[in-house]
Amino acid sequence: MKNIYILNGPNLNLLGKRQPEIYGSETLDDVEKSCSQACGDNFEIKLLQSNHEGQLIDWIQEARDTTAGIIINPGAFTHTSIAILDALNTYEGPVVEIHISQVHKREEFRHHSYVSYRADAVIAGLGIEGYAAAVRHICSL
Ligand code: DQA
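Residues numbered from 1 in each chain as written. Predicted model: local features only at pLDDT ≥ 70, side-chain atom pairs only at ≥ 80, totals over all residues. Heavy atoms only, no water.

**Overview of the nonpolar core**
Counted only if it meets this: Definition used in this section: a nonpolar core is a set of buried Ala, Val, Leu, Ile, Met, Phe, Trp, Tyr and Cys residues joined via side-chain atoms within 4.5 Å. Exposed residues in this analysis have more than 50% of their type's maximum accessible area, buried residues have under 20%, and partly exposed residues fall in between, with area computed by a 1.4 Å probe over protein chains only. What counts as a helix is a DSSP run of H or I of at least four residues, what counts as a strand is a run of E of at least two, and both are numbered from the N terminus. The contact definition used throughout considers only heavy atoms, calling two residues in contact when any of these lie within 4.5 Å.
In this structure, Ile4, Ile6, Leu15, Val31, Ile71, Tyr131 and Val135 are the most contacted members of the largest nonpolar core, which totals 25 residues. Counting only elements with at least two residues in this core, the list comes to strand S1 (2-8), helix H2 (28-38), strand S2 (43-49), strand S3 (67-73), strand S4 (95-99) and helix H5 (129-140). Looking at this core, the element that brings in the most residues is H5, giving five residues. The residues contacting valine 31, other than those within four sequence positions of it, are Leu15, Leu47, Ile128 and Tyr131. With 17 residues, the next largest nonpolar core counts Tyr5, Leu7, Ala63 and Ala87 among its residues.

**Quick notes on the layout of surface pockets**
In plain terms, the rule: With a 1 Å grid laid over protein atoms only, a set of points is called a cavity when a 1.4 Å probe fits there but cannot get out and a pocket when it is open yet has protein on both sides within 12 Å along at least five of seven lines; lining residues have an atom within 4 Å of a point. Grid points are joined across faces, edges and corners, and a volume is the space filled by probe spheres set on the points. Residue classes follow a fixed rule: Ala, Val, Leu, Ile, Met, Phe, Trp, Tyr, Cys and Pro count as nonpolar, while Asp, Glu, Lys and Arg count as charged, and any other residue, Gly among them, counts as polar.
The calculated volume of the largest pocket comes to roughly 170 Å³. In terms of lining, the largest pocket is formed by 16 residues, of which the most central are Arg18, Tyr23, Gly75, Ala76 and Arg110. Of the residues contributing to the lining of the largest pocket, the split by class is six nonpolar, seven polar and three charged.

What follows is the structure, given as structure tokens:
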């Protein structure tokens, strides 16, 4: 069975408590449940979160050869991390970048994404529904 990695960056451990007016009241556990329901029996969801850039890079490297795809919400590293972009460039499978909020409606510094140079698809503004949509997309490939 192949895994799908769902990687979450800094502060997303507080999803549900953190600025609910922007990110909603659902938690990462809710994301995991909806993603598990969205994926067929042939795939296993592995949802991971870290506040540390290096840990996210280690998981991206670990995903090589063992996963059907990576779904990544890099949090604020979206806008700053060439190192995460470089790690994703070593990965050959599909990559979906996801943002819970509609980043293009927000501050200008959120409009630029290093990860988008590599992502095959970008979802922003669908709330946590975006994660399940990304899972369905990867399962359909
Ligand atoms: C986010 C948007 C980022 O700008 C922000 O730094 C986050 C969350 C989102 O899911 O909307 O931490 O990636």
